[in-house]
Amino acid sequence: MFLPHGTNVFLAEAIKKAVDTPVACIGGGLVGCETAVHLADAGREVIVMEIAKDWAVDAPRFHKDALRKALRGRVEILTVTNVKEISHEGPRPVVRAEGADGREMVIAADSVFVATGLRPGETLVDEFRRAAPVVFVIGDASTPGQVTQAVEQAHYAAADI
Ligand SMILES: Cc1cc2nc3c(=O)[nH]c(=O)nc-3n(C[C@H](O)[C@H](O)[C@H](O)COP(=O)(O)OP(=O)(O)OC[C@H]3O[C@@H](n4cnc5c(N)ncnc54)[C@H](O)[C@@H]3O)c2cc1C
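Being a predicted model, the structure only gives us computed values, none of them experimental.

Calculation criteria
- Residues numbered from 1 in each chain as written.
- Predicted model: local features only at pLDDT ≥ 70, side-chain atom pairs only at ≥ 80, totals over all residues.
- Heavy atoms only, no water.
- Near = heavy atom within 4 Å.
- Polar contact = N/O pair within 3.5 Å; in protein donor to acceptor, adjacent residues only side chain to side chain.
- Helix = DSSP H or I, 4+ residues; strand = E, 2+ residues; numbered from the N terminus.
- Nonpolar A, V, L, I, M, F, W, Y, C, P; charged D, E, K, R; others polar.
- Domains from an automatic or database assignment.
- Core = buried A, V, L, I, M, F, W, Y, C linked by side-chain atoms within 4.5 Å.
- Buried < 20%, exposed > 50% of the residue type's maximum accessible area, 1.4 Å probe, protein only.
- Contact = heavy atoms within 4.5 Å.
- Pairing = 2+ DSSP bridges.
- Axes fitted to C-alpha atoms, helices over the stretch in contact; angles between N-to-C directions.
- Arc of directions from axis to C-beta.
- Salt bridge = Lys/Arg side-chain N within 4 Å of Asp/Glu carboxyl O.

S.K.: How would you explain the site of the ligand if you had to name every residue and give the values?
M.R.: In the vicinity of the ligand, the contacting residues are Glu13, Val31, Glu34, Leu124, Phe128, Gly139, Asp140, Gly145, Gln146, Val147 and Ala150. Glu34 is positioned with one of its side-chain polar atoms (N or O) 3.1 Å from an oxygen atom of the ligand. One of the backbone N or O atoms of Val147 is found 2.9 Å from an oxygen atom in the ligand. Among the secondary structure elements, those contributing two or more residues to the shell around the ligand are helix 1 (30-41), helix 3 (122-128) and helix 4 (147-160). Here the shell around the ligand is built from residues that sort into 5 nonpolar, 3 polar and 3 charged. Here the shell around the ligand spans two domains, since at least three of its residues come from each of domain 1 (9-114) and domain 2 (122-160).

Structure (structure tokens):
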């Protein structure tokens with residue numbers, strides 16, 4: 001698997017509207033698709049590459065319907081597309097992927113953002129475990145998810161104090 005590096009390669013959480021266009025998005029989950037909409041709203045040309053057979057598989061149905069409308073005609077989504085590498089051969093990032101037909105695809109974008117999922121930062125969490133007699137690890141520090149899950153876990157942790 002590739003490591004994001006170099007100029008104009010961002011993690012989705014660090015993306016700003018003012019990125020250079022066209023933009024390649026690695027990962028067509030909820031975060032990748034919503035960020036693609038955000039960039040399309042800002043006039044950027046976006047192509048999303050997703051390894052699975054469908055995009056935003058984790059989205060509730062109504063959410064996905066709304067996303068579909070927002071993406072239609074503005075964002076190209078390639079499913080069954082396995083990104084292997086982001087490299088710099090000159091000033092622009094180059095994305096290499098295996099397409100649905102098994103052939104290599106080479107996409108030269110002006111910006112790339114990576115939305116392939118998050119893992120908790122266990123080292124930081126371990127440092128904080130000794131900060132108090134009782135420490136609750138909740139939200140994305142426990143399992144990356146959504147705001148409602150983080151708030152629910154916070155509610156129950158507070159109720160346990
Ligand atoms: C691009 C993107 C889009 C998303 N969109 C949605 C969405 O539409 N709907 C949804 O429900 N969820 C969405 N999520 C997920 C949602 O943001 C998270 O699940 C939620 O924010 C988790 O809350 P949290 O409090 O655990 O972590 P965070 O909201 O990440 O808060 C952690 C905080 O801790 C701070 N921090 C880190 N280290 C330290 C330190 N050493 N000392 C002090 N502070 C520190 C950070 O700066 C941050 O402010 C999205 C996530 C991303 C990345």
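What follows picks up the thread again.
S.K.: Give me the nonpolar core: which residues, what numbers.
M.R.: If you look at the biggest cluster of nonpolar residues, it comprises 21 residues, and the most contacted ones within it are Leu39, Val46, Leu67, Leu71, Val75 and Phe113. Of all the elements, helix 1 adds the most residues to this core, at 6 residues. Those residues within four positions of Leu67 in sequence are excluded, and the remaining contacts are Leu30, Cys33, Glu34, Val37, Trp55 and Ala56. Counting residues in each nonpolar core, the second largest holds 14 residues, with Val9, Met49, Leu78 and Val95 among its members.

S.K.: Describe the sheet that holds strand 6 (residues 93-98), naming the residues involved and giving the relevant values.
M.R.: Two strands in a sheet stick together by hydrogen bonds in their backbones, pointing the same way (parallel) or opposite ways (antiparallel). In spatial order, the strands read 5-6-7; together these 3 strands make up an open sheet with antiparallel pairing. Edge positions in the open sheet fall to strand 5 (82-88) and strand 7 (104-108), since each of these has one partner strand only. Averaged over all pairs of adjacent strands, the angle between strand axes in this sheet comes to 20°, irrespective of strand direction. Strand direction decides the pairing type here: strand 6 and strand 7, joined by 5 bridges, are antiparallel. Within the sheet, the bridge partner assigned to Val95 lies in strand 7 and is Ile107.

S.K.: Can you tell me about helix 2 (residues 61-71), naming the residues and giving the values?
M.R.: Residues of helix 2 that are buried: Lys64, Leu67 and Leu71. Viewed end-on, helix 2 has its buried residues packed into an arc of 60°, placing them on one side of the element. Opposite the buried face of helix 2, at more than 90 degrees from it, the exposed residues are Phe62 and Lys69.

S.K.: Talk me through the sheet that holds strand 4 (residues 75-78); I want residue IDs and the actual numbers.
M.R.: Across the sheet, which stays open at both edges, the 5 strands sit in the order 1-8-2-3-4 with parallel pairing between neighbours. Only two strands of the sheet have a single partner each, and these edge strands are strand 1 (9-11) and strand 4. With strand direction ignored, the average angle separating the axes of adjacent strands in the sheet is 20°. Across 4 bridges, strand 2 (residues 23-26) lies against strand 8 (residues 111-114) in parallel orientation. By the bridge assignment, Ala24 is partnered in strand 8 with Val112.

S.K.: So, the pattern of salt bridges: which residues are in play, and what are the values?
M.R.: Two side chains bearing opposite charge may form a pair once their charged atoms approach each other closely. Evaluation of the coordinates by the stated rule reveals 7 salt bridges. The partner of Asp41 in a salt bridge is Arg74, and the shortest N-O contact between them spans 2.9 Å. With Asp41 in helix 1 and Arg74 in the loop between helix 2 and strand 4, the pair connects residues that are 33 residues apart, well separated along the chain. In this structure, Arg129 and Asp126 form a salt bridge, with 3.1 Å as the shortest nitrogen-oxygen distance. Residue Arg129 is classed as partly exposed on the basis of its relative accessible area of 45%. Residue Asp126 is classed as partly exposed on the basis of its relative accessible area, which comes to 38%. If you follow the salt bridges from partner to partner, you end up with Glu85, Arg96 and Glu104 in one network.

Geometric descriptors of this kind do not, in isolation, establish any biological role.
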